[in-house]
Amino acid sequence: MPPYTIVYFPSRGRCEAMRLLLADQGQNWKEEVVTLEVWGQGPVKASCLFGQLPKFQDGDLTLYQSNAILRHLGRSLGLYGKNHHEAALVDMVNDGLEDLIRHFGQQLLRNYISFADYRLLDLLLNHQVLMPSCLDAFPLLSAYVARLSARPKIKAFLASPDHMNRPISARLKL
Ligand code: GTS
């Protein structure tokens, strides 16, 4: 039995970064899909700490909040930098990701991987789905996506039905 369970809507949404992370780190996990219909009935929502998904289980630890989940996986699987200084930089990248997409810099293109990388990769791949040429004018970001997507386990995950058949957003039907 894998220790990890992702409970989420039938989409990539806020969970694809953790899926990329788990796949790349050679971890197994279980998916529990909550359809919008079931969610609309109320009891599942009422059972969630903040009335929202994702919910994540690591053995007997239950977590909500996608960034708390990513941070937990970052700490558990050694993806949180090598010391407090690097951990602070990883936090900064993760928390400032939206800004960094606009003003991307050298921080993202280092030679070690952190949980924030999976989040950024997911974001950039989604942008490419919506507008395939969106990174064409940004060679550093294009190279970043190519480099991470070529990691063997990420490559296999991105080609798998698990990823391909899951929409980016169930609500927006993308
Ligand atoms: N801060 C939370 C996180 O990061 O986990 C936000 C979670 C959230 O907004 N979840 C949405 C939800 O449960 C789904 S999604 O935005 O991830 O697609 N919405 C249903 C509801 O009833 O609020």
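Above: the structure in question.
Residues numbered from 1 in each chain as written. Predicted model: local features only at pLDDT ≥ 70, side-chain atom pairs only at ≥ 80, totals over all residues. Heavy atoms only, no water.

S.K.: What am I meant to see in the site of the ligand here?
M.R.: Surrounding the ligand, one finds Y8, F9, R14, W39, K45, G51, Q52, L53, P54, Q65, S66 and R171. Contact distances for the ligand include 2.7 Å between an oxygen atom and a side-chain N or O atom of Y8. One nitrogen or oxygen atom from the side chain of S66 is found 2.6 Å from an oxygen atom belonging to the ligand. Summarising the interface, the protein chains cover 75% of the accessible area of the ligand, which totals 550 Å² for the free molecule. Structurally, the ligand is housed in the largest pocket. Here the shell around the ligand is built from residues that sort into five nonpolar, four polar and three charged. (Near = heavy atom within 4 Å. Polar contact = N/O pair within 3.5 Å; in protein donor to acceptor, adjacent residues only side chain to side chain. Areas by Shrake-Rupley, 256 points an atom, 1.4 Å probe, with all protein chains shown as cover. 1 Å grid on protein atoms, 1.4 Å probe; cavity = no way out; pocket = protein on both sides within 12 Å on 5 of 7 lines; lining within 4 Å. Sits in = over half its atoms within 2 Å of the grid points. Nonpolar A, V, L, I, M, F, W, Y, C, P; charged D, E, K, R; others polar.)

S.K.: Explain a nonpolar patch on the surface to me, please; I cannot follow it from the model alone.
M.R.: Together, V129, L130, M131 and L174 give the surface a local cluster of nonpolar side chains, amounting to about 390 Å² of exposed area. Along the polypeptide, L130 turns up in helix α7 (residues 115-130). (Patch = residues over 30% accessible without salt bridge, like charges linked within 9 Å, V, L, I, M, F, W, Y side chains within 5 Å. Salt bridge = Lys/Arg side-chain N within 4 Å of Asp/Glu carboxyl O. Helix = DSSP H or I, 4+ residues; strand = E, 2+ residues; numbered from the N terminus.)

S.K.: I'm lost on the pairing of strand β3 (residues 55-58) in this one. Help?
M.R.: The side chains of a regular strand alternate between both faces of the sheet. The alternating pattern of β3 places F56 and D58 on a buried face, while none of K55 and Q57, on the opposite face, is buried. Looking at chain direction, strand β1 (residues 4-8) and β3 are connected through four bridges and run antiparallel. Looking across to β3, one finds that V7 is bridged to K55. Of the strand pairs in this sheet, β3 and strand β4 (residues 61-64) are connected by four bridges, and their pairing is antiparallel. Counterpart to K55 in the pairing with β4 is Y64. From the end of β3 to the start of β4, which pair antiparallel, there are two residues, and G59 there has a positive phi angle of about 60°. (Buried < 20%, exposed > 50% of the residue type's maximum accessible area, 1.4 Å probe, protein only. Pairing = 2+ DSSP bridges.)

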